[in-house]
Amino acid sequence: MKLRLAKTAVAALALSVAAGGAWAQGHVFKLHHLLGAKSPAQTDMIEPWAKAVEENSGGKVKIEIYPSMTLGGRPPELVNQVRDGVVDLIWTVNGYTPGLFPRTEVMELPFVFVNDPVAANLALYDMYDEYLKDDYKGMEPMFLHVHAGQGMQTVDREVHTPSDLEGLKLRVPTRTGAWVIEALGASPVSMPVPDLPQALSKKVVDGAFIPWEIIPALKLQDQTKYQIEGYDKARFGTTTFQVSMNKARWDSLPEDIQKAFRDASDRDWVAEVGRIWRNIDERGIKVATDAGNTHITLTEEETAAFQAALEPVVDRWVEDVSSKGIDGAAMVAKASELIEANADASMSN
């Protein structure tokens, strides 16, 4: 019996060593992000993408996902964490680090982005090499994307005109979003999204410019009464996100492993990400209306009034980035052109 047990232990040890030796030839990546493990961002997007990379690599890649900032720090620190190599990969909101991604902000502008996350994602993909790449020093973006766009969610204020927002304090995650709020006569309050429920409940803010998709995760149906968007799902700008890798880590990878990541992050994938976020958004607004909240869709005339009020935001952005040597007007024109060119992709399944 002792001899048999000894042989079993030796065999198990040999298998363990063999497995370890095989895995030593593989590549393990830590992906850090700000939302919870059950958030749609993880379950509907990050996990399927990671699985695709692993399958593309033939089992040579393993991506470990760390949600809710479990590796430490606050959401605005994610960019430096990946640039410094503290983590291998991040998913984060570009606007949490204002000014670091000025070129990519073009997609956040109101009525440059209107209501089509699929077309916007494809436009970001098509613009990257020529227009956006310089924003991402120290990182290698896997893919960029937007959400379904900023709707208005208010605690107790019904909104139909820009003047209805005057004097309110509204949360927004980006500096372009702050300019939107200022243009509408309200006061912007910047904070990471996990802080929003408490801010609403304590009336630190009167509402937020944020998509519907976050409603279930943060239980915003309990903190707000109104969800407001423009005609034909028009939104008031959007937020850009990135999944990016540390540049040195990327450069160290063999070609076949880089290909596994690239193939999982192609144009078809970014289009699918747009559909994912649109679907998540639809689920979110249903949670709010099922809870008794009022979903307001502005008329065409009301939406046009908001567009007129927000045109100066685009002009402000063009002037701001032009002072940094960026041709903002050309970027607005290109982004709008590519969104229109990619609009048909939104209808594909």
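Quick summary incoming for the structure in this document. Everything numeric in this text was worked out from a predicted model, so none of it was measured.

1. Structural notes on unusual backbone geometry
Residue Met-69 is not a glycine yet carries a positive backbone phi of 55°. Relative to the assigned elements, Met-69 resides in the loop between strand E2 (61-66) and helix H3 (78-83). Relative accessible area serves as the criterion here: at 10%, Met-69 is assigned to the buried category. Despite not being glycine, Lys-203 shows a phi value in the positive range, around 60°. Judged by relative accessible area, which is 36%, Lys-203 ranks as partly exposed.

2. What to know about the environment of Phe-113
Relative to the assigned elements, Phe-113 resides in the loop between strand E3 (89-93) and helix H4 (117-132). Taking the C-alpha atoms as reference points, Phe-113 and Glu-319, 206 residues apart in sequence, are found 19 Å from one another.

3. Some thoughts on the pattern of salt bridges
According to the stated counting rule, one finds 22 salt bridges in the structure shown. Among the salt bridges present, the one from Arg-175 reaches Asp-320, with a minimum N-O distance of 2.7 Å. With Arg-175 in helix H5 (residues 175-183) and Asp-320 in helix H11 (residues 300-322), the pair connects residues that are 145 residues apart, well separated along the chain. Given a relative accessible area of 18%, Arg-175 falls into the buried group. With its nearest N and O atoms 2.9 Å apart, the salt bridge here joins Arg-316 to Glu-182. Remark: Glu-182 occurs in helix H5 and Arg-316 occurs in helix H11; sequence separation between them is 134 residues. On the basis of relative accessible area, Arg-316 is assigned to the partly exposed category, the value being 38%. The network of salt bridges with shared partners includes Glu-105, Arg-175, Asp-320 and Lys-324.

4. Focus on the environment of Lys-30
Of note, Lys-30 is situated in strand E1 (residues 27-33). Taking the C-alpha atoms as reference points, Lys-30 and Leu-71, separated by 41 residues in sequence, lie 9.5 Å from one another. Not counting chain neighbours up to four residues away, the residues in contact with Lys-30 comprise Glu-64, Tyr-66, Leu-71, Val-87, Asp-88 and Leu-89.

5. A closer look at the sheet that holds strand E5 (residues 151-154)
The strand order E7-E6-E8-E5-E9-E11 describes an open sheet built from six strands, whose pairing is mixed. With partners counted over all chains shown, the strands left at the sheet margins are strand E7 (187-190) and strand E11 (294-297), one partner each. Strand-to-strand twist of the sheet, defined as the mean angle between neighbouring strand axes without regard to direction, takes the value 25°. Pairing of E5 with strand E8 (residues 207-210) involves four bridges; the strand directions are antiparallel. Its bridge partner lying in E8, Gln-153 is registered against Ala-208.

The rules behind each value
- Residues numbered from 1 in each chain as written.
- Predicted model: local features only at pLDDT ≥ 70, side-chain atom pairs only at ≥ 80, totals over all residues.
- Heavy atoms only, no water.
- Helix = DSSP H or I, 4+ residues; strand = E, 2+ residues; numbered from the N terminus.
- Buried < 20%, exposed > 50% of the residue type's maximum accessible area, 1.4 Å probe, protein only.
- Salt bridge = Lys/Arg side-chain N within 4 Å of Asp/Glu carboxyl O.
- Contact = heavy atoms within 4.5 Å.
- Pairing = 2+ DSSP bridges.
- Axes fitted to C-alpha atoms, helices over the stretch in contact; angles between N-to-C directions.

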